[in-house]
Amino acid sequence: MEQICAALEPQFPCREIAITTLGELIGDCEEAYPPVIYVFGHSGTGKTTLINSFLKQCQKQQKVRIAQLNAIECYTTKIMIENVLDSLAVQQSPADNMLEFVEQLRCLHTAETHGFLIAIDNAERLRDMDANVLPVLMRLQQITSLNVCVLLLSQLPFEKYYNKTGLSEIITLHLGQYNKAETLRILSTDFDQVRQQLLQQQSQEQQQQQRLDICEAAMTPDFYNNYLNLFLSVFYKACRDVPELRLTARKCFGIYMEPVLDGSVECTDVSRLWRHIAGPLRAALTQIYMRIEKPLLGETVMEDQSVRKLAQSLELPYYGKYLLIAAFLASHNSAKQDKRLFVKHHGKQRKRMQTVNARAKNAEKMSTTLGPKSFSIDRLLAIFYAILDEKVGLTCNLLSQISTLVHLKLLSFVSGEQNIMDGSAKLQCTVGLEFVLYIGKVVGFNVRQYLCDFM
């Protein structure tokens, strides 16, 4: 097991504790496995990749059979059973239910195999299958007398599972979100690959020997880490999903390098490089999760046609569109201005010199370019009811549309993900101004009229 942990730790930086814990729990194949291990955490924390790599290492270095499946793809009990049996057994008769599945597994006692590991991703979907599926999987070791361990992977804590027959206590392993330092460490592992791609790109261009020489001299780990620090200063508050951050960081790095390759800016002049990349980074912030293929060029914002096409193709319910608009207003307006913006009879406001100066903002200090701020569910609903002309009751259907916006990555949780119903959860809006403006046009709502930046 030490060899397995040593092989995995370089591949998964900042997950050494989780790898060691898995190694201690599963241990050597000759020892008894725990019946169930429940691995949970937010998306982008490496659950699936880590567990799959761990199982492959166990299969490679030990006499262990493994089965890896996704509960979303196995949408019926029969499909799930067939996938597990196909992975674990060479030949098996058809199995239509959990009883036949257990009988098939009992026949797998072989001298060549010392253990069985079954990993099920998106395990919360098992709650929608037959009532006996989840309890049987959790007691599979006891029922079959095999040295089998079932690893359940999910974004939900196990407390969210409910079953009428009751569920036994299990071992849980939480993979928390990466902090800023850990995210920087993970993204910095891409240095060699990014450098190789950049050098290859420059070598393919004709009469660019000078740019190639500058690239070889300037492209150092410290230079790349400086760029990542600037990148995370813009993106970390709005996005913690490491795959999305990695994709966007690679996309923007070419823009960051362009003035260095042209010879107009020294690679050590961090302040001028920041002024060059600040605009494109903020523009890229409006594209996070959307995968718009239009490349960023200099200080320009993404092409209007791409945003319009995406906004028009987004099939949200009518109230869902208003909730998204309310979320954007909550993310980019100060809470102190809500009364003035959304209440008709808010009283007179004295124009103090401090207020006048505060409104004289340049583009770099506008709230819509500084990035989104967090807001509570209560404030979101208050703005929603203020901008909606008709009266709508607070129903479960309305609250479920907030979850839909989060699932579509149009909103993201900052804290209190489990406290939606009491209104204390904190959210952020991840879409940009242009996108919300088009959503506003669809429902006939003037978004600019309710933004402090345009008052």
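Here, every reference points to the structure presented above.
Residues numbered from 1 in each chain as written. Predicted model: local features only at pLDDT ≥ 70, side-chain atom pairs only at ≥ 80, totals over all residues. Heavy atoms only, no water.

A.B. asks: I keep staring at the pairing of strand β3 (residues 115-121) and nothing clicks. Help me out?
C.D. replies: Strand residues, when the strand is regular, have side chains that alternate between the two faces of the sheet. Across the seven residues of β3, seven count as buried, placing the element largely inside the fold. Burial along β3 is two-sided: G115, L117, A119 and D121 facing one way and F116, I118 and I120 facing the other are all buried. Looking at chain direction, strand β2 (residues 64-70) and β3 are connected through seven bridges and run parallel. When the sheet's bridge partners are listed, V64 is paired in β3 with G115. (Buried < 20%, exposed > 50% of the residue type's maximum accessible area, 1.4 Å probe, protein only. Helix = DSSP H or I, 4+ residues; strand = E, 2+ residues; numbered from the N terminus. Pairing = 2+ DSSP bridges.)

A.B. asks: For this particular structure, what's the right way to read the side chain of T430?
C.D. replies: Its location among the elements puts T430 in the loop between β8 (426-429) and α21 (433-443). A relative accessible area of 5% places T430 in the buried class. Looking at T430, its side chain comes within polar contact range of the main-chain oxygen of L410, at 3.0 Å. (Polar contact = N/O pair within 3.5 Å; in protein donor to acceptor, adjacent residues only side chain to side chain.)

A.B. asks: How do you make sense of the pattern of salt bridges when you look at a structure like this?
C.D. replies: Where charged atoms from two side chains of opposite charge approach closely, those side chains can pair. Scanning the model with the defined rule gives seven salt bridges in all. The closest approach of N and O atoms between K78 and D96, which form a salt bridge, is 2.5 Å. One end of the pair, K78, is in helix α4 (residues 77-88); the other, D96, is in the loop between α4 and α5 (98-106), with 18 residues separating them in the sequence. Residue classification places K78 among the partly exposed residues on the basis of a relative accessible area of 34%. A salt bridge links R379 to D338; the nearest nitrogen and oxygen atoms lie 2.7 Å apart. With R379 in helix α19 (residues 377-387) and D338 in helix α16 (residues 338-342), this pair connects stretches of sequence that are 41 residues apart. Exposure class is identical for R379 and D338. Each is buried. One salt-bridge network, held together by shared partners, links K78, E82 and D96. (Salt bridge = Lys/Arg side-chain N within 4 Å of Asp/Glu carboxyl O.)

A.B. asks: Sorry if this is basic, but what is going on with the state of the cysteines here?
C.D. replies: Scanning all chains against the criterion turns up zero disulfides. Of all cysteine sulfurs in the structure, the one in C58 sits closest to C5, which takes part in no disulfide; the separation is 8.7 Å. (Disulfide = S-S within 2.5 Å.)

A.B. asks: Would you take a moment to explain the packing of aromatic side chains for this structure?
C.D. replies: Aromatic rings in a pair are described by how distant their centres are and how their planes are angled relative to each other. By the definition in use, this model includes 19 aromatic pairs. Grouping aromatic residues by their ring pairs yields a cluster made of F191, F223, Y224, Y227, F231, F235, F253 and Y256. It is R240 that lies over the ring of Y236; its NZ or CZ is 4.1 Å from the centre. (Phe/Tyr/Trp six-rings, centres within 6.5 Å; stacked < 30°, edge-to-face > 60°. Lys NZ or Arg CZ within 6 Å of the ring centre and 35° of its normal.)

A.B. asks: Would you mind going over the sheet that holds β2 with me for this structure?
C.D. replies: The strands that make up a sheet pair up through hydrogen bonds in the backbone, lying either parallel or antiparallel. One open sheet accounts for five strands, arranged β2-β3-β4-β1-β5; its pairing is parallel. Of all strands in the sheet, those bounded by a partner on one side alone are β2 and β5 (171-174). Each strand axis lies, on average, 15° off the axis of its neighbour in the sheet, ignoring direction. Here β3 pairs with strand β4 (residues 148-154) via five bridges, running parallel. In the sheet register, I118 faces β4, and the bridge partner there is V150. In the packing of helix α2 (residues 16-26) onto the sheet, contacts are made with β1 (36-40), β3, β4 and β5, and the angle to β5 comes to roughly 165°. Sheet strands in contact with helix α3 (residues 47-61) are β1, β2, β3 and β4, and its direction is about 160° off that of β2. (Axes fitted to C-alpha atoms, helices over the stretch in contact; angles between N-to-C directions. Contact = heavy atoms within 4.5 Å.)

A.B. asks: I tried to follow unusual backbone geometry on my own but got confused; where do I start?
C.D. replies: Only a minority of non-glycine residues have a phi that is not negative, and only a minority of peptide bonds are not trans. Positive phi is not limited to glycine here, since C14 has a value of about 70°. Turning to its location among the elements, C14 is positioned in the loop between α1 (2-8) and α2. Its relative accessible area of 13% is what places C14 among the buried residues. Positive phi, close to 60°, is recorded for S145, a residue that is not glycine. Here S145 is to be found in the loop between α7 (140-144) and β4. For S145, a relative accessible area of 56% puts it in the exposed group.

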